[in-house]
Each structure stands twice: as structure tokens, then as C-alpha cells.
Amino acid sequence: MRFRHPDGSTVHLAYCTNVHPAETLDGVLGQLRDHCEPVRRRLGRDRLGVGLWLARDAAHALTTDPAALRRLRTELDRRGLEVVTLNGFPYEGFGADEVKYRVYQPDWTRPERLAYTTDLARLLAALLPDDVTEGSVSTLPLAWRTRFDTAAAATARTALVTLAERLDALEELTGRSVRVGLEPEPGCTIETTADAIGPLTDVAHPRIGVCVDTCHLATSFEDPHTALKALAAARIPIPKAQLSAALHAEHPHLPEVRRALAAFAEPRFLHQTRTSTAVGLRGTDDLPEALAGDTLPEGGPWRAHFHVPLHSPPAAPLTSTLPVLRDALARLVGGPVPHTRHLEVETYTWQALPPRLRPRTRSRLADGIAAELTLARDLLTDLGLKELP
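Because the structure is predicted, anything quoted here is derived from the model rather than measured.

A. Representation of helix H4 (residues 111-127). Here H4 contains 17 residues, and its C-alpha end-to-end distance of 24 Å stays within 8% of the 24 Å for a straight helix at 1.5 Å per residue. Every buried residue belonging to H4 is among Arg113, Leu114, Tyr116, Thr117, Thr118, Leu120, Ala121, Leu123, Leu124, Ala125 and Leu127, and all of these are buried. Those residues of H4 that are buried are in contact with helix H2 (56-64), helix H3 (66-78), strand E5 (85-87), strand E6 (134-139), helix H5 (150-174) and strand E7 (177-182).

Quick look at the structure:
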């Protein structure tokens, strides 16, 4: 979906396909047929943006076989789909029964991460619509925080500098500009947008910036105005933003709130949980840890890294951080010029919801994704952007 910003530029809205597990090219093509096109039809649009997740095996097949890449591009066109952004955070195995800490491997100290991200950039340059010259790729924020020392930081910096050089060469070769955004996430080396400023200042390249995920922003109790103002002051670009909402518990000391939170404690993904205290942020790596005993202070709200559907917050006594998303979006694209032109709805946890809330069929999942995109579209038009055909 495309929107005209009041400054005349185009802002793209997509939804991320990491909600649909697929590790191979055939699996990706099946996603386009079974999920993406049905969502487009529900929205009544001739064209729908999708933020593809291409796992390592799928990316390898596309980079080594020009015919396979042409096949993917043909399928996108045939089904009324377009790609301006890729999700390069998960490397493989995102559809496994247990993902947890595996999603952070390989990190930016490993050559595989640089090679994979380079491949994604090259693929994106080939997949961009004919009338689009800018693409974006999101990636993990260097590494999980443990075992990340000074030597690891230096290795990661060198890899990002090399990536920037390759992105420069890619634009010279293709005329397509691809930028990469590190995605701050609770528990990682770069947990907040503030944490990103130092490492990205060291890299100092306009092609490497931050992917702002509004669920992560909210989970870490970051104020959108403060966070985005600091990035602008440091001249850190925002190649893309992911529109997502975290799980919010206003009164975690109440037994009924604990029971409601426990329904979201599931074995597949990490659900880092945070609370803001007078002495700073306190947290756990996962929701079950937070619910065990008195691990976290109960004097203030808790937020958990659980991407809940944008249009359907959990029932009381829980809610979502949709207000943080609204505030962040207003500051990202509501001003005289947009701070990013790539927006991606990223609710990948539909099948991790409590059983009674999970969509039981493909049709219901498509209904839910379409409803999320409708909400995002309405937020954008309320900010003065005009939806384009």
C-alpha cells in the first residue's frame, strides 16, 4: 500500500511475512498464493506491499539461480504484490516449535550474518518495483547481550562497515539504494534506540541506521518523542519502522492480572518483560521468569515483548501499547517530512496467542492481517497522508 505524504514523497506500508513459516523458495511462493494475495483481496486493493522474510535456504536459492529470482518476481507481479523491504532479522528456523534464543544466531560477529544480509540487499535491488529506487532491510541489533565484549564489538563494527561498502557498490551497479536498519530489542546488545547511537556513530554511514519497532520501543518504556529526537540529533537514519504493539499489564500485583499474563507465556518465542522503576529499567528474559515469585517489582506496569494484534488488544485486565505506536507513527510520518518511508506491520505471533485467540483457519488469519493493515491505513490518513491507488 502506498501513501502520498504532504511533502510529496511516497510512504510504503507492508505486512511482514515472517508470520507464515517457510524456509524454502517453494514455501515463499506458497505464502504469496495462500496468504498474501487473499489479504490484498480483502483490502480491495490492486496492489499490496509485503515485507518478505527470506530464510537462509530461500535466499541462497534465489541468489544462485537467476531463473528462480525471475520466478519470484513474476509471482509477485501476478498476484498484485510488491516488495520494498525485507526482514533480515531471523536467519532460519523462525517457524520451529521453539525459537527463543536461536533467533539471535548467527549474530554480527559471524561472517554468515554479513553474507546473508549482503544477499538480501542484492535480492531486494532486483525485486523492487520498476518505479521504486529505495529499499530497506531490517536486521538484529548486533547480538544478544551475553558474551559480547570489546573484541566482539570491534568485529561487528568491521562487518557493518564492509556491508556499507557493499551497499554503495550495489547502488553504483544497479541504481537501487538499499539501507539496513539495526532493530533494537530488549535483551540484546542494542536494547534501545539510545543504545544504537554509539555503535552507529562509530560506523558513520548513511546506509546503516535503525529500524524502529514500536513493540520493542514500548517494552523498554522508551518515549517516542525523546527516542526519535535523539536519533535525529545524532543523524542516525531510520530506514524502516515496524508497527507493532506489546502486552501491557497496568497492575501486575493483582492475581487476576498474573493469571491473564500466564496465558501468554508460551514455549516458542522469548517474551522479554520489563518494568520502569525509579532506578531504571528492570526486566527478565522471558515472561515465565517474570511471573515466578518476586523477580520483578510490582509497583508499576509491566510490559512484555509479545506482538499482539494491532486491531484487537487483549481483554481486561490486560491491554496493549497501541498508544505508543500511535505516538511514534505521528512523529515518524506526521511532520512536514517523513523520517522513514517504509512501514511494516509485524505481528508474527498469531499462532502463539492463547489458544482461544488464535485464528483457526487461513481465512481467519487473512481477516486479522487485513484488519491490522486497515487500522494502520486509518492512522496514516488521519495524519494527512493520502492513500494511492
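B. Spatial organisation of the packing of helix H1 (residues 25-43) against helix H12 (residues 362-382). Packing of H1 against H12 brings their axes to within 9 Å, and their N-to-C directions diverge by 55°. With respect to each other, H1 and H12 are oriented oblique. Both H1 and H12 take part in a crossing whose hand is right-handed. Note on element contacts: H12 touches H1 through Arg362, Ser363, Leu365, Ala366, Asp367, Ile369, Ala370, Leu373 and Thr374, opposite Asp34, His35, Pro38, Val39, Arg42 and Leu43.

C. Inspection of the environment of leucine 365 at higher detail. Considering the arrangement of structural elements, one finds leucine 365 in helix H12. Given the relative accessible area of 6%, leucine 365 is considered buried. In sequence terms leucine 365 and leucine 114 are 251 residues apart; their C-alpha atoms lie 33 Å from each other. Apart from residues no more than four positions distant in its own chain, leucine 365 is found in contact with His20, His35, Trp350 and Pro359.

D. Looking closely at the pattern of salt bridges. In the structure shown here, the tally under the stated rule is 28 salt bridges. Ionic pairing is found between arginine 41 and glutamate 37, a salt bridge with its closest N-O pair at 2.8 Å. Taken together, the residues arginine 41 and glutamate 37, both in helix H1 and 4 residues apart, mark about one turn of the helix. Here glutamate 82 makes a salt bridge to arginine 47, at a shortest N to O gap of 3.9 Å.

E. Representation of the sheet that holds strand E10 (residues 245-249) within the structure. As summarised here, the arrangement of the 5 strands in space is E12-E11-E13-E10-E14, forming an open sheet in which the pairing is antiparallel. Pairing within the sheet leaves two strands with one partner each, and these edge strands are strand E12 (280-284) and strand E14 (318-320). Each strand axis lies, on average, 30° off the axis of its neighbour in the sheet, ignoring direction. Note: strand E11 (residues 273-277) against E12, 5 bridges, orientation antiparallel. Along E12, the bridge assignment pairs threonine 273 with threonine 284.

F. Structural context of the nonpolar core. By size, the foremost hydrophobic cluster in this structure holds 118 residues, and its most contacted members are Leu13, Tyr15, Leu52, Trp108 and Leu373. The dominant element in this core, judged by the number of residues it contributes, is H12, at 9 residues. Setting aside chain neighbours within four positions, we find leucine 13 in contact with Met1, Phe3, Gly49, Leu243, Leu343, Val345, Leu373, Ala376, Arg377 and Leu380. By size, the runner-up hydrophobic cluster in this structure holds 5 residues, among which are Ala218, Ala227, Val324 and Ala328.

How each quantity is defined
Residue numbering note: each chain is counted from 1, following its sequence as written. Residue-level local features of this predicted model are given only where pLDDT is at least 70; pairs of side-chain atoms are given and counted only at 80 or more, and the full residue set underlies all totals for whole chains, interfaces and linings. Each side-chain value is worked out from all heavy atoms of the structure, with water and hydrogens disregarded. Segments assigned H or I by DSSP are reported as helices when at least four residues long, segments assigned E as strands when at least two residues long, and all are numbered from the N terminus. Between the first and last residue of a helix there are one fewer steps than residues, each counted as 1.5 Å, and that sum is the expected span. Each residue is placed in one exposure class: buried if its accessible area under a 1.4 Å probe, protein chains only, is under 20% of its type's maximum, exposed if it is over 50%, and partly exposed if it falls in between. The criterion used for residue contact is that any of the two residues' heavy atoms lie within 4.5 Å. Every axis corresponds to a line fitted to the C-alpha atoms, with the helix fit spanning only the stretch in contact, and the corresponding angles, defined between N-to-C directions, vary from 0 to 180 degrees. Any angle that falls under 35 degrees is termed roughly parallel, while one over 145 is termed roughly antiparallel, one within 65 to 115 roughly perpendicular, and all others oblique. By convention, the crossing between two helices is left-handed when the near helix turns anticlockwise from the far helix through less than a right angle, and right-handed when the turn is clockwise. Just to be clear on terms, a salt bridge is a Lys or Arg side-chain nitrogen sitting within 4 Å of an Asp or Glu carboxyl oxygen. Strand pairing requires that DSSP identify at least two bridges connecting the strands. In this description, a nonpolar core means a group of buried Ala, Val, Leu, Ile, Met, Phe, Trp, Tyr and Cys residues linked to one another through side-chain atoms lying within 4.5 Å.

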